[in-house]
Each structure stands twice: as structure tokens, then as C-alpha cells.
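The chain contents come next:
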Amino acid sequence: MTGFNLETCARSNILALQPYHCARDDYNVSTSDALLDLNENAFGPALPAEITAVDKDIHPLDLHRYPSRLQEKLKQQLCDFRNTYIHTAKDLVPENVFLGIGSVESIDALIRCFCIPGEDHILICPPTYGMYAVSSQVNNVGVVSVPLKEAPDFALDMDGILAALTRTPTIKLTYLTSPGNPTGSLLAKSDVETILAHPTWNGVVVLDEAYIDFADDDASLAGLVTEYPNLVVLQTLSKAFGLAGIRLGATFAPIPIANLLNNLRAAWNIPSPTSILASYALSEEGIAAMVANKQKTKLQRDRLVDQLPRISGVGRIRSGSHSNFLMFEILNTRGEPDNAVAAVVYDRLAATRGVILRYRGSEPGCLGCLRISIGTEDETTRFLVALHQVLQGMGNDVYQKVEAGSLTAKEPAKEMVDDADGLKVY
């Protein structure tokens, strides 16, 4: 039994919204038809001819035409990919899908759909993806934080979450990330289902699965949107599919919620090149390429897990292994994870070695931590060498200055070694 009721959870103006409508929504339109309804330029785009054709016999780009508003073929491909029947026997169908500009459009659209500005709240579990809080602030929506439990598991604090949902009925959305960013840990399915079944909370669980394809094949809970009326699952082609540049996010939701999201979206929010490239990626050949690249990612991730602890000055790996990144500690002279030292190492890697990581020390449970995205074999070697050089080159006097507060990440690096003596890179 759940306390969810869409009619009282969603904003009344969104429930009453009449979506944008055009003539092509009513007909099975072909490019061979005389399309004279949308004030397009019938003479074509002002571009060289070779740019406007991508395998023209199969997929004419037709950039002078507005893209499909419904994107039914692409949505069906996404459903076929996620219909694993592991967690449910029911089928995902195109009506369960909302497509957006990356997952970010869905994060924002859900807040606009369910949260009244100045009144309602979202719940997040830091450390987590920063755009949840950014979108809430843009929409003048409050944030309730219930931090994850300690590393490296970073499990949900179920007592804290359930208490917050009971105590604060204005929480309309609970954003969960699995695998987490920057935690790299999968959330327990049973925990997600417990939140969904909260007996009094009238809200929606938003499960962000941006990194799900780096986890086991049975990890995605997307199919459960056919079982729960208040579950939304966010996914993207940016990560495992390597298509960050086309900005396509896929949101799986119960049909009533998917309808609301599709009603409020921009009229033609998915560009034709994005749709065509995404369709290729979801073909048999595209999925095979994704799987092959996932294996390459795993090899380099395993390599880092093996070699990072061998470098003097590096502490524990604090993230899980279900993503394409790792989070690890930087230590001070006392062998303790230290934010000040980590910030200097982060800065020196970028400024003197051209190796760009992410500093994560300011987030709950991430003391002294840096996060590295898994790169190619050559990039991994470059990183390992650079990290050894930076840590070796700091010396005790530099550590002492950092720990005393007289040297910060803004001061340029000095006295660096030029080789990787003492480090064997495999």
C-alpha cells in the first residue's frame, strides 16, 4: 500500500495542461508528402550538400524539416533494450518514455511537474549528482538532505529517509542515484521498493541510472516503472554508449507520469541528428560496440584498483566498482585523508601535468578524495605517472606548508620531478 496519488501530487496547472499540437501529430507523415504546415524552408538548409546527408539511402538528415515530435521508433528501441524481464514480466512501451536533452532536462521537468515553487521540496542523498540541487534552486524549491551511509558501501540511510518523508509532506521527489556519483555503488532494490511503498508519503522516487550499463546486466530497475505508479528511472546515452555530445536522455515512467512530462516538454526538443545517431547506437552493432568498450573500461578500472594503492601518498579507494570512475584518498604526512593536501594535488595534476580530475573532498563521506574517470590505456598510464610525480615532488616541506595552511591549491607548483622513479606502470 502506498500513499501516492498522482492527482494530488502533481501540480494542478500541469495536470490541466493542454500540450502543444500540430497537424503532423494526427497523421502518419512521410517525407514524400507535401509538408506545408510548419513554415519550414522547403528549399533546404543553407549548408554544403555533403553535410546534410548521413547514409542518405537509409537516414536522410532533412535538416530543413522539424524532427519527429513523438520519436516512436527511437522510444521502441530503448524499450527493447531495457525489456530484460528480470524484475518484471511486463513490457515497457513507447508510452512509458520521455526523451530529453540528457538527463538534465528530465531532472528539471520533474521538479516543474511536481513541485510548487516556494512551497515544496525534493530529497537528495549526498554525496550525489549536483544538478538535483541546482535545478531545485532554479525552480525555487527546497532541498532536504539525508546523507548516505559511510564509504565504501554508501548505502541509503533508510531510517533517515523514511523519517524525512513522514515528517515533511512537502517533499514531492526523492532523487536517488544508482550507481551513485561519485560513490560508484549500486543501491539495494529492496531499499528502493521500501521507499516506493511508504504508506503516507505522496511523492515520486526518481532513480538516476546514468551509469547503469557499467554494472551487471540485471542491475537496471527501469522495468519496475510498469509495477509502481510513483517510480521514474532516468538513463542516458552519454556514459556507456559514449554519446555525451548528442545530449540524449531517456526517462522511463508510468504512463500517466510520462504523459505529463511529454505534455510540458518543448515542442521539438530532440534534434534529428541526435535521434539518428541514437538509433544507430541502439542497433545490434551499436550495442555490441558499447559492450566492447565497457570491457575496456573494466580493464583500466581494475588496473587502477591494483596500482593506486602502490603509490605513496594514496589512501583507500572509497567508491564502488559499478561505474566508469573511481574515488580515492590523498593522505597527509600522518597517513590521514586530508582535503588540503588533496586540493593541492588536484591543482598540480592539472596545472603541471595536464591531467584533469575532480576534487570531491567537500562532500559527505569523501574526506581527502579525488575522483578519476576511467580513461584509455595511455591516459591511465599518464595519470599514474603524473600522480606519482606530483606526490613525490611535494616533499615534506610542502606537506608541512599545506597542513599549516600557508600553501593552498591556488599557489603554482614548484620543485617537480621529471621522471617516474620508483613506480612500475603495468
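Since we're looking at a predicted model, the values are computed, not measured. (Residues numbered from 1 in each chain as written. Predicted model: local features only at pLDDT ≥ 70, side-chain atom pairs only at ≥ 80, totals over all residues. Heavy atoms only, no water.)

A.B. asks: Before we move on, can you summarise the packing of helix α6 (residues 158-167) against helix α7 (residues 189-196) with the specific residues and values?
C.D. replies: Two elements in contact, α6 and α7, have axes whose closest approach is 11 Å; the angle formed by their N-to-C orientations is 15°. Classified by the angle their axes make, α6 and α7 are roughly parallel. The way α6 lies across α7 gives a crossing that is right-handed. Counting all contacts with α6, which are made through M158, I161, L162 and L165, the residues of α7 involved are D191, T194 and I195. Partitioning the contact of α6 with α7 into residue classes produces five nonpolar, one polar and one charged. (Axes fitted to C-alpha atoms, helices over the stretch in contact; angles between N-to-C directions. Helix = DSSP H or I, 4+ residues; strand = E, 2+ residues; numbered from the N terminus. Parallel < 35°, antiparallel > 145°, perpendicular 65-115°, else oblique. Left-handed = near helix turned anticlockwise from the far one by under 90°. Contact = heavy atoms within 4.5 Å. Nonpolar A, V, L, I, M, F, W, Y, C, P; charged D, E, K, R; others polar.)

A.B. asks: Talk me through the sheet that holds strand β4 (residues 121-124); I want residue IDs and the actual numbers.
C.D. replies: Read from one edge to the other, the open sheet built from seven strands follows the order β3-β9-β8-β7-β6-β4-β5, with strand pairing classed as mixed. Each having just a single partner strand, β3 (97-101) and β5 (142-145) make up the two edges of the open sheet. Averaged over all neighbouring strand pairs, the angle between strand axes comes to 25°, with direction disregarded. Along the sheet face, α7 touches β6 (171-177), β7 (204-208) and β8 (231-236) and points at about 155° away from the line of β7. (Pairing = 2+ DSSP bridges.)

A.B. asks: Any details on the domain arrangement of the protein chain? Residues and values, ideally.
C.D. replies: Annotation of the protein chain at the domain level lists domain 1 (6-43 + 289-404) and domain 2 (72-282). Centre-to-centre separation of domain 1 and domain 2, based on C-alpha positions: 19 Å. Interface area, domain 1 with domain 2, both sides summed: about 2,900 Å², of which 65% is carbon and sulfur. Where domain 1 meets domain 2, there are one salt bridge. The salt bridge involving K294 is made with D217; its shortest N-O contact spans 3.9 Å. Taken together, the links from domain 1 to domain 2 amount to eight residue pairs in polar contact (both at pLDDT 80 or more). Elements represented by at least two residues in the side of domain 1 that touches domain 2 include exactly α1 (6-9), α2 (12-15), α10 (284-307) and β11 (325-330). Ranked by residues supplied to the side of domain 1 that touches domain 2, first place goes to α10 with four residues. Looking at the side of domain 1 that touches domain 2 residue by residue, the classes come out as 15 nonpolar, nine polar and seven charged. (Domains from an automatic or database assignment. Buried area = accessible area lost by both parts, 1.4 Å probe. Salt bridge = Lys/Arg side-chain N within 4 Å of Asp/Glu carboxyl O. Polar contact = N/O pair within 3.5 Å; in protein donor to acceptor, adjacent residues only side chain to side chain.)

A.B. asks: With reference to specific residues and values, describe the environment of E377.
C.D. replies: Within the secondary structure, E377 sits in helix α12 (residues 377-404). Measuring from C-alpha to C-alpha, the distance between E377 and Q300 comes to 6.5 Å, with 77 residues separating the pair along the chain. For E377, the contacting residues outside a window of four places in its chain are Q300 and R303.

A.B. asks: Outline empty space enclosed by the protein, supporting the account with residue identities and numerical values.
C.D. replies: Following the criterion strictly, the structure yields three cavities of 30 Å³ or more and no others. The space that makes up the largest cavity amounts to roughly 80 Å³. Among the residues forming the lining of the largest cavity, the class breakdown is eight nonpolar, six polar and no charged. (1 Å grid on protein atoms, 1.4 Å probe; cavity = no way out; pocket = protein on both sides within 12 Å on 5 of 7 lines; lining within 4 Å. Points joined across faces, edges and corners; volume = space filled by probe spheres on them.)

A.B. asks: I'd like a description of the packing of aromatic side chains, backed by residues and values.
C.D. replies: This structure, assessed with the given rule, holds eight aromatic pairs. A ring pair is formed by Y132 and Y175, whose centres lie 4.8 Å apart and whose planes are at 20°; its orientation type is stacked. Of this pair, Y132 sits in helix α5 (residues 131-138) while Y175 sits in strand β6, placing them 43 residues apart in sequence. You can call Y132 buried: its relative accessible area is 0%. Residue class for Y175 comes out buried when judged on its relative accessible area of 1%. Ring centres 5.2 Å apart and planes at 80° place the aromatic pair Y211 and F325 in the edge-to-face group. Of this pair, Y211 sits in the loop between β7 and β8 while F325 sits in strand β11, and the two are 114 residues apart along the sequence. (Phe/Tyr/Trp six-rings, centres within 6.5 Å; stacked < 30°, edge-to-face > 60°. Buried < 20%, exposed > 50% of the residue type's maximum accessible area, 1.4 Å probe, protein only.)

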